[in-house]
Amino acid sequence: MKKIVSTIVLGIALTVGLQAQTVPSPSEVTINLEPVNEMVIPDEVLDTLTDPMNLLSPTDQLNLSVSMLLADTNTVAKIHVKLGTSLGGNNLLENTYTYDVAPGGNLTYFREGVMMNLGMGAHLNSGVFYCEIKLEDSTGNFSEIITTQSNQ
């Protein structure tokens, strides 16, 4: 009887341990901003700027994307993305990208090796953008949530 109870306890511990495993989080997550309309900035003005993005107004449209390095390309099945104008917000975008599948529409997907870039469409310049990334494997395990913000 003691062996059966020990075996059951060991089996439960192993099952709980396997359920608790997470997908490795991406690293070097960066939000990329690019004006939709090309900006022509004279060299004399450009030489005085510390950040050309300061020339943008709130009515300017920006193409946003997020770049990241994947720790493991074998376990990722989905990439959950939230984009907002506040920390944890999703007022601009909430989407689940399927690994190595082009999403269509104004969203894009590019991966080369462990480097991934997800296009999140064009949005009005809000000054600062916040992004959350969470990876999921094929059995429903998740990575830790990684947050980043634009440097504007």
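Basis of the calculations
- Residues numbered from 1 in each chain as written.
- Predicted model: local features only at pLDDT ≥ 70, side-chain atom pairs only at ≥ 80, totals over all residues.
- Heavy atoms only, no water.
- Helix = DSSP H or I, 4+ residues; strand = E, 2+ residues; numbered from the N terminus.
- Buried < 20%, exposed > 50% of the residue type's maximum accessible area, 1.4 Å probe, protein only.
- Lys, Arg positive; Asp, Glu negative; His and termini not counted.
- Salt bridge = Lys/Arg side-chain N within 4 Å of Asp/Glu carboxyl O.
- Polar contact = N/O pair within 3.5 Å; in protein donor to acceptor, adjacent residues only side chain to side chain.
- Contact = heavy atoms within 4.5 Å.
- Core = buried A, V, L, I, M, F, W, Y, C linked by side-chain atoms within 4.5 Å.
- Pairing = 2+ DSSP bridges.
- Axes fitted to C-alpha atoms, helices over the stretch in contact; angles between N-to-C directions.

Engineer: How would you explain the side chain of Glu-136 if you had to name every residue and give the values?
Structural biologist: Relative to the helices and strands, Glu-136 is located in strand E7 (residues 130-136). Buried charged residue Glu-136 carries no salt bridge. Nearest counter-charge: Lys-78, at 4.7 Å. Only 2.6 Å separates the side chain of Glu-136 from the side chain of His-80, close enough to count as a polar contact. Apart from residues no more than four positions distant in its own chain, Glu-136 is found in contact with Val-23, Thr-75, Val-76, Ala-77, Lys-78, His-80, Asn-141 and Phe-142.

Engineer: Account for the nonpolar core, naming residues and giving values.
Structural biologist: One finds Met-68, Ile-79, Val-81, Tyr-97, Leu-118, Met-120 and Ile-133 to be the most contacted residues of the largest nonpolar core, which totals 26 residues. Breaking this core down by element, the ones donating at least two residues are strand E1 (27-35), strand E2 (61-69), strand E3 (78-84), strand E4 (93-98), strand E6 (115-124) and E7. With residues near it in sequence (within four places) discarded, Ile-79 still touches Met-68, Asn-95, Thr-96, Tyr-97, Tyr-99, Tyr-109, Met-116, Leu-118, Ile-133, Lys-134 and Leu-135.

Engineer: A description of the sheet that holds E4 should follow, citing residues and the corresponding values.
Structural biologist: What the four strands build is an open sheet, ordered E4-E3-E7-E8; its pairing is antiparallel. At either end of the open sheet lies a strand with only one pairing partner, and these are E4 and strand E8 (146-149). Between one strand axis and the next, the sheet turns by 20° as a mean value, whatever way the strands run. Alignment of E7 against E8, held across four bridges, turns out to be antiparallel. Bridge pairing in E8 links Cys-131 to Thr-148.

Engineer: Before we move on, could you go through the sheet that holds E6 and cite the residues and values that matter?
Structural biologist: The four strands lie next to each other as E1-E2-E6-E5, forming an open sheet whose pairing is antiparallel. On the outer flanks of this sheet lie E1 and strand E5 (108-112), each paired with one strand and no other. Strand-to-strand twist across the sheet, computed as the mean angle between neighbouring axes with direction ignored, equals 20°. Of the pairings in the sheet, the one linking E2 to E6 comprises eight bridges and is antiparallel in character.

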